[in-house]
Amino acid sequence: MTDVAGRTVRFDPVRLRTDYAQAGRALIGAAAAVPPQAWDAPGLGEWTVRDLVGHAGRSFVTVSDYLASGAGRAVELDHAFDYGRALALVAADPTAVTERGRSAGRALGDDPVSALQTLFEQATADIAAHGDDAPCATLAGVMRLADFLPSRIFELVVHTDDLRRALDLPGEATVGARVVALAFGAGLAGESERYAAALRGLTGRAPLPAGYSVV
């Protein structure tokens, strides 16, 4: 990744492919540990565990869908952080986010883990079949696959952690995936006017304000 408008954060495209696959397998592993009776238990906010897993699985679906819809289109965005504007827009409509999670959860059917595995295998196969510069038609605009993957890793790591906390499941993200997730989140914070709060929180100088989020 090259610097854009003074940006200095770079993600290694080769590592991203590995980290994405590892983050995906971590989500599937956590989902496989969900007790049968817990799928309708509280997951996150208004979501049940099923809703949460369905929402997390969209990090597989969007890769496949956006690669397909981006075929032949010109790239409009040239940095991974450009997807942050889409996250902010989505977060601005929590009702729509909630319903998408519920819809994605329902779509997992009677065997959520197997359905999730199928989505993961399709996404990783699609990534393997495309180069780093393959265009993805995302909510923020058309961007390179290599610039889209950091946001997918971010989502996978964050929501796998949500799932583990909801059900007190063991395990954590692999080092590579969690470094990408933190770098992506910190990068979004660094480009906002609220960067100081994030920096103070990371260094223990002050607690984060109530409700603070980089997305």
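This structure is a prediction, so every number in the text was calculated from the model and none was measured. (Residues numbered from 1 in each chain as written. Predicted model: local features only at pLDDT ≥ 70, side-chain atom pairs only at ≥ 80, totals over all residues. Heavy atoms only, no water.)

(A) Focus on the packing of helix α2 (residues 49-70) against helix α6 (residues 145-167). Contact geometry of α2 with α6 gives a least axis separation of 9 Å together with a crossing angle of 170°. Between α2 and α6, the angle is such that the two are roughly antiparallel. Facing V49, L52, V53, H55, A56, R58, S59, F60, T62, V63, Y66 and L67 of α2, the residues of α6 in contact are L145, F148, L149, R152, E155, L156, H159, D162, L163 and L167. Classifying every residue of the contact of α2 with α6 by side-chain character gives 14 nonpolar, four polar and four charged. (Axes fitted to C-alpha atoms, helices over the stretch in contact; angles between N-to-C directions. Helix = DSSP H or I, 4+ residues; strand = E, 2+ residues; numbered from the N terminus. Parallel < 35°, antiparallel > 145°, perpendicular 65-115°, else oblique. Contact = heavy atoms within 4.5 Å. Nonpolar A, V, L, I, M, F, W, Y, C, P; charged D, E, K, R; others polar.)

(B) Spatial organisation of the side chain of H159. One can find H159 in helix α6. Dropping the residues within four chain positions of it, H159 is found in contact with L44, L52, H55 and A56.

(C) Looking closely at the pattern of salt bridges. Per the stated rule, a full pass over the model turns up eight salt bridges. A salt bridge links D19 to R15, with the shortest nitrogen-to-oxygen separation between them at 2.5 Å. Taken together, the residues D19 and R15, both in helix α1 (residues 13-32) and four residues apart, mark about one turn of the helix. By relative accessible area, R15 is classed as partly exposed at 41%. We note a salt bridge from D132 to R17, for which the minimum N-O separation is 3.0 Å. Here D132, found in the loop between α5 (112-128) and β3 (135-137), pairs with R17, found in helix α1; they are 115 residues apart in sequence, far enough to count as distant. By relative accessible area, R17 is classed as partly exposed at 24%. It is possible to trace a salt-bridge network through shared partners that takes in D133, R144 and D147. (Salt bridge = Lys/Arg side-chain N within 4 Å of Asp/Glu carboxyl O. Buried < 20%, exposed > 50% of the residue type's maximum accessible area, 1.4 Å probe, protein only.)

(D) Quick peek at helix α8 (residues 195-202). Buried within α8 are the following residues: A196, A197 and A198. Turning to α8, the residues buried within the fold contact α7 (175-190). After α8 finishes, the residue G204 shows a positive phi value of roughly 75°.

(E) Summary view of the nonpolar core. Counting 53 residues, the largest nonpolar core has Y20, V53, F60, V63, Y83, L163 and F184 as its most contacted members. For Y20, the residues in contact, after removing those within four places along its chain, are S59, F60, V63, A123, T124, I127, L149, R152, I153 and L156. (Core = buried A, V, L, I, M, F, W, Y, C linked by side-chain atoms within 4.5 Å.)

(F) Looking closely at unusual backbone geometry. For D168, which is not glycine, the phi torsion reads 55° and is therefore positive. By the element assignment, D168 lies in the loop between α6 and α7. The class of D168 is exposed, set by a relative accessible area of 70%.

(G) Representation of the packing of aromatic side chains in the model. Per the stated rule, a full pass over the model turns up seven aromatic pairs. Ring centres 6.3 Å apart and planes at 85° place the aromatic pair Y20 and F60 in the edge-to-face group. Note that Y20 is positioned in helix α1 and F60 in helix α2, a separation of 40 residues in sequence. Both residues of the pair, Y20 and F60, belong to the buried class. One aromatic cluster is present, formed by F11, F81, F154 and F184 through successive ring pairs. Positioned above the aromatic ring of Y212, the side-chain terminus of R194 is 5.0 Å from the ring centre. (Phe/Tyr/Trp six-rings, centres within 6.5 Å; stacked < 30°, edge-to-face > 60°. Lys NZ or Arg CZ within 6 Å of the ring centre and 35° of its normal.)

(H) Structural detail: the side chain of D51. Tracing the chain through its elements places D51 in helix α2. Buried within the structure, D51 lacks any salt-bridge partner; R102 is the closest side chain of opposite charge, at an N-O distance of 4.2 Å. Once residues within four sequence positions are removed from consideration, D51 is found in contact with E46, G101, R102 and G105. (Lys, Arg positive; Asp, Glu negative; His and termini not counted.)

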